Each structure stands twice: as structure tokens, then as C-alpha cells.
Amino acid sequence: MRVLQVCAEIFPLLKTGGLADVAGALPPALRSLGADVRVLLPGFDAILNGMADVATVAEFHPPLPGVQGPFRLLYAHLPACDVHAYVIDAPSLYRRAGGPYADEQQRPFSDNHIRFGLLGWVAAALTEGMDSYWRPEVVHAHDWHAGLAPAYVRAASARAGHRLAATVFTVHNLAYQGMFAGHHFGELGLPAAYYGMHGMEFHGHVNFMKAGLYFADRLTTVSPTYAQEIQGWEQGCGLHALLSSRHHDLSGILNGVDDEVWSPQRDARIAHHYSTRALVGKARCKADLLAEIGLAADATGPLFCAVSRLTEQKGLHLVLEALPGILERGGQFALLGSGDRALESAFSAAAEAHPGKVAVRLGYDEDFAHRLIAGSDVIMVPSRYEPCGLTQLYGLKYGTLPLVRKVGGLADTVQDTRLETLDTDATGFVFDHFDVGGVMYGVDRACALYRRRTDWTRVQRRAMQQPCGWDAAAAAYLDVYRRAQG
Ligand code: ADP
């Protein structure tokens, strides 16, 4: 089966969140099940710089009003993730200072509808034969950036008089929808009928996420619980009615963790390796970490950590409120994160106020993330909502017990530690209420278990044995592709 993955980022070349991890890990996992997978990406500098064996597939002028071509479609190997990719070389659109979606001041680029409209348009052009040697049978688009791909494929199929490819759209985070003023619709070169309630219009705006949800043959999201939650008003971000009307086409497939990148037995970013049978390496990782970040080595409670974007979604303001309670119980806390300026300053102030007990590193640091997770005892993910969540999965693999809110993928992947689950399936600490009381409920139980070393180690070993690989997810996606082909 020939599958084209369409996305805006890919680990390790370009990453702003979990989407990149999925884009980097899913293609090799699908390939090992026999699928012929290629990826389509915008030609951002980070992607262009990661290409090897580059060939030009086509030079083209997209029929999008206002877009100055010609652009090139390149085909290359991306050795860093061992993926073959089509890359859209459109310097005027993609080669800019700032991030992939916004400028250096975090302002979204004003022509994002064109930049990511083009991504969808090229996906459809590939189904029409832009590369005469390879045409996808399935186009799998990820998040709003690729949301127009199913719409363009639908339009191209209508022109051809038969379906050119099946389409699948995956929601990684429904809160980011790619909304643009309605008058931009005319710049996208799509049939006028597509701009309506039954289409990609949303309260007078063009909505890329809605386009994906409306036009794709099958829909997925990244956990079974989130698949349910987004059909309801509270988490549906205004699209719950559309999602529930398509519930027969919607499935939740949990993300995996790339074992090549995250494995305590092999991780090149940590100094001491360990496994369920030999946990001494974890204790050494912790000793090194405490020394590195200036925390005391003689705390009586666990070392809690968080690795996260600092946004309202992630609930880290609750961790701030819980900090005094954590310290009172003999615990310590270390954060790696960046984002909201007020949260950044509040965490920095907490570190200054509690030397030896609280450490904060602001910024994005892949290497430190590994050392922090390997060296900590508990990883906190108290999210308001969480489509899948990856850091709790890393925590499980590294024996760093997750303390999570019972929501989305967190609810699907972490089993609470209670007396009745201690001997059977406990892997972490789960709480319900999105408030400091909820977090402290988890903290209390983490501290209590930490004092019972044998029980702690038992839960830790069980956590490390949880299946988190990509094989099950890849098999589930193949099944969705087959259903989409109908
Ligand atoms: P989201 O995609 O909503 O940000 P996920 O948990 O799905 O959340 O994925 C976040 C990914 O980004 C994880 O791989 C996590 O380790 C990584 N990450 C988040 N913040 C940082 C940071 N400051 N430094 C390094 N890695 C980070």
C-alpha cells in the first residue's frame, strides 16, 4: 500500500510538539509492516538542511491566486529519521526567520492559509501524478496544517471522475484549528461549494481543521479517550457536532514511543543505562542530575519533574500552587519548559526562593529532557486536556512514575496506584479534579509509595514493562487505511 503522510514537522529535524515525534516514528513503523510510505513536508530551512540524495521531481506553478511560482517538488532521503520525503521548495513561503508557523515575535504569519494550503494542494497533485513514478493510494494528513489535503484530493477526484486516493485525517490537538478570515477562501482555488456549513466554513471563517474533519474518508485521533471527549461540548472546540456525526469514521489510536530515541537501556543522551532487572543506573542518573541542577542529594521525598510547553493546557500553574506541599513532604521539583512568560517568571522565582529544592531550566533542550526524565522519580502531567501526551509514556519507560490527570491519553496510559491495584496493574498516580487539591492527592500518594521502597520498585518495574512501541499503532493505522479505501 502506497501511503503519503502529510505534515508540517518531523523529528528530529523540526519539532514544536508531539506531532513531530509521530511524523518521525510512524513511517518506519508502517514500513516494517510492509507499507510503502513517503512523507510530504514544507521546505523549511531545517528540513532542506536535513536532506540527502535530492532529486527534483517537478517544477510547478500552483493555481492559487496571488502565489508567485515557480516552485519545485524535491524528493530526498532524510537520514536523521530514515524517511523518504517530498519537500516543497518554495523559498518565498517557507524560508523565513522565526518558527514554522509564526515569526520571531510569535505572531502567526499572515499568509499561513497559503503556506499550508499549498501543502494540501501538492498532496492532491501527487495523487494526480505530479510524480509519474509514485502515486499515493492513501493520503494521511496530520493536524490543521495538512487539513486541506483531503479537500484538494476530493476536488481532484471529482475532476478525474473517480477517487484518486483514500484520505485519512488525524487530530493531534483540536484546539489549534488553523482559522482564517472568510475572504481568504477565494485564494485557495477550491470549489465554491466547499465553503459552507457542510464544508470548511466555520462562523464566517475558513477552518483548516474542519476541512480535514469534513472531507477525509476516515478520521483518527491519538487516544481512545480523546476520541470520545472531542465529541462532547467541553472538549470539542466548537467541532463536537461534526465529530459526533462522524463517530463511525473516527477512531482513537494511541501514539507509541520511538525505542531508538527513548529507551533507558540504549539512550545515548544518558550516562548510565538501566533496565527492570538492573535499576542501579537510574540511581546514578539521579545523582548526576541532582549535581547538575544544584539540588540537594539528601532529600527524603521523591524528585518530581515536568518537561512541557508552558501553556494553560498543561496545567503547570497547578504545580506551582502545589510546590509548597511537595517541599513540605520532603520532595524536590525540577522543570524543563518554555512558553507563557508569566509562568516562566513564576517558576524562576520559585527556584530562587527554594535553592537546593527547586530547579528550573527555561528553553527547549532535547538532551536535558532525557537526563531529567531518567534522573527523576515522578513526572507530572496535570493537563486540562491531553490528546495523547508523550512525556508520561517516556516516564513509564524510564521508571519515572507518571502523576497525571485522568483525561485524554493520560487516562488511557497510566493506571492509578491504589491498594487494590498495587499488585496487579498500578503504574502511576491519577487524579480527577483540575485544581491544586487534585494534584496534591497524587503527590500524597506518590510520597507515601516512595517511602515503601519495595512497593515503589514493583510499580516502577511494571511501568517500565508497559508496551509503548509503535508496532500496535502502525497496525491500527494500516487497518484504518484499508477501511478508508473501502
Ligand atoms: P504537546 O505536543 O502538546 O506539546 P506531548 O506530550 O504530546 O505534548 O509532546 C511534547 C513533546 O515535546 C515531548 O517529546 C516532550 O519531551 C517535548 N518537549 C516539550 N517541552 C520540551 C522542552 N522544553 N525541551 C525539550 N523537549 C520538550
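For the structure, check the block above.
No experiment lies behind these values; they were computed from the predicted model shown.

Cut-off values and rules
- Residues numbered from 1 in each chain as written.
- Predicted model: local features only at pLDDT ≥ 70, side-chain atom pairs only at ≥ 80, totals over all residues.
- Heavy atoms only, no water.
- Core = buried A, V, L, I, M, F, W, Y, C linked by side-chain atoms within 4.5 Å.
- Buried < 20%, exposed > 50% of the residue type's maximum accessible area, 1.4 Å probe, protein only.
- Contact = heavy atoms within 4.5 Å.
- Phe/Tyr/Trp six-rings, centres within 6.5 Å; stacked < 30°, edge-to-face > 60°.
- Helix = DSSP H or I, 4+ residues; strand = E, 2+ residues; numbered from the N terminus.
- Lys NZ or Arg CZ within 6 Å of the ring centre and 35° of its normal.
- Pairing = 2+ DSSP bridges.
- Polar contact = N/O pair within 3.5 Å; in protein donor to acceptor, adjacent residues only side chain to side chain.
- Salt bridge = Lys/Arg side-chain N within 4 Å of Asp/Glu carboxyl O.

To continue, consider the nonpolar core. Among the nonpolar cores identified, the biggest contains 90 residues, and Leu30, Phe304, Phe333, Met380, Val443, Tyr477 and Tyr481 are the most heavily contacted of them. Those residues in contact with Met380 that sit more than four places away from it in its chain are Phe304, Cys305, Ala306, Val319, Ile326, Phe333, Leu403, Val439 and Val443. With 84 residues, the next largest nonpolar core counts Ala58, Phe185, Ala227 and Leu242 among its residues.

This paragraph deals with the packing of aromatic side chains. Here the structure, examined in full by the defined rule, presents 22 aromatic pairs. A centroid spacing of 6.0 Å and a plane angle of 45 degrees characterise the contact between Tyr86 and Trp134, whose relative ring orientation is tilted. Residue Tyr86 is found in strand β5 (residues 83–89), and its partner Trp134 is found in the loop between α4 (112–127) and β6 (138–142); the two are separated by 48 residues along the sequence. Their ring planes at 10 degrees and their centres at 3.7 Å tell us that Trp262 and Tyr394 sit as a pair that is stacked. Taken together, the positions of Trp262 in the loop between β12 (250–252) and α9 (280–293) and Tyr394 in helix α13 (residues 391–397) put the pair 132 residues apart, joining distant regions of the chain. Through a chain of ring-to-ring contacts, the aromatic side chains of Phe44, Tyr94, Tyr101, Phe116, Trp144, Phe180 and Phe208 assemble into a single cluster. In this arrangement the basic side chain of Arg361 is found over the ring face of Phe368, its NZ or CZ atom lying 3.9 Å from the centre. Here the guanidinium or amino end of Arg453 rests over the ring plane of Tyr450, the centre of that ring lying 4.5 Å away.

Let us look at unusual backbone geometry. Cis peptide bonds are those with omega within 30 degrees of zero, and the linkage from Phe11 to Pro12 qualifies with 5 degrees. Structurally, Pro12 can be placed in the loop between β1 (2–6) and α1 (18–31). At the junction of Gly69 and Pro70, the peptide bond is cis and its omega measures out at -5 degrees in the coordinates. Backbone geometry at Gln106 places phi at a positive 70 degrees, although glycine is not the residue there. Structurally, Gln106 is set in the loop between α3 (91–94) and α4.

Before going further, it helps to examine the sheet that holds strand β10 (residues 205–207). Pairing is antiparallel across the open sheet formed by three strands, whose spatial order is β8-β10-β9. Each having just a single partner strand, β8 (179–181) and β9 (201–202) make up the two edges of the open sheet. Examined bridge by bridge, β8 and β10 share three bridges and lie antiparallel to one another. Its bridge partner lying in β10, Met179 is registered against Asn207.

What follows concerns the environment of Gln5. Counting through the fold element by element, Gln5 comes out in strand β1. Under the relative-accessibility criterion, Gln5 is labelled buried at 3%. When the C-alpha atoms of Gln5 and Val459 are compared, they prove to be 37 Å apart, with 454 residues separating the residues in sequence. If near-sequence neighbours (up to four positions away) are discounted, Gln5 is found in contact with Leu26, Pro27, Leu30, Val37, Arg38, Val39, Leu40, His140, His142 and Tyr481. Among the polar contacts made by the side chain of Gln5, one reaches the side chain of His140 at a distance of 3.4 Å. Only 2.6 Å separates the side chain of Gln5 from the side chain of His142, close enough to count as a polar contact.

What follows concerns the pattern of salt bridges. Across all of its chains, the model carries 33 salt bridges by this definition. Its salt-bridge partner being Arg218, residue Asp249 comes within 3.9 Å of it at the nearest N-O pair. You can see Asp249 sitting in the loop between α8 (240–245) and β12 and its partner Arg218 sitting in strand β11 (residues 218–221), a full 31 residues away along the chain. Taking relative accessible area as the criterion, Asp249 reaches 23% and is therefore assigned partly exposed. For Arg218, a relative accessible area of 14% corresponds to the buried category. Residues joined in a network through salt bridges with shared partners are Asp259, Glu260, Arg266 and Lys397.

A few words now on the side chain of Thr127. Mapping Thr127 onto the fold places it in helix α4. A relative accessible area of 1% means that Thr127 is categorised as buried. Reaching out from Thr127, the side chain makes a polar contact with the backbone oxygen of Ala124 at a distance of 2.6 Å. Dropping the residues within four chain positions of it, Thr127 is found in contact with Arg135, Pro136, Val139, Val153, Leu164 and Ala165.

The values are spatial; any link to function lies outside them.
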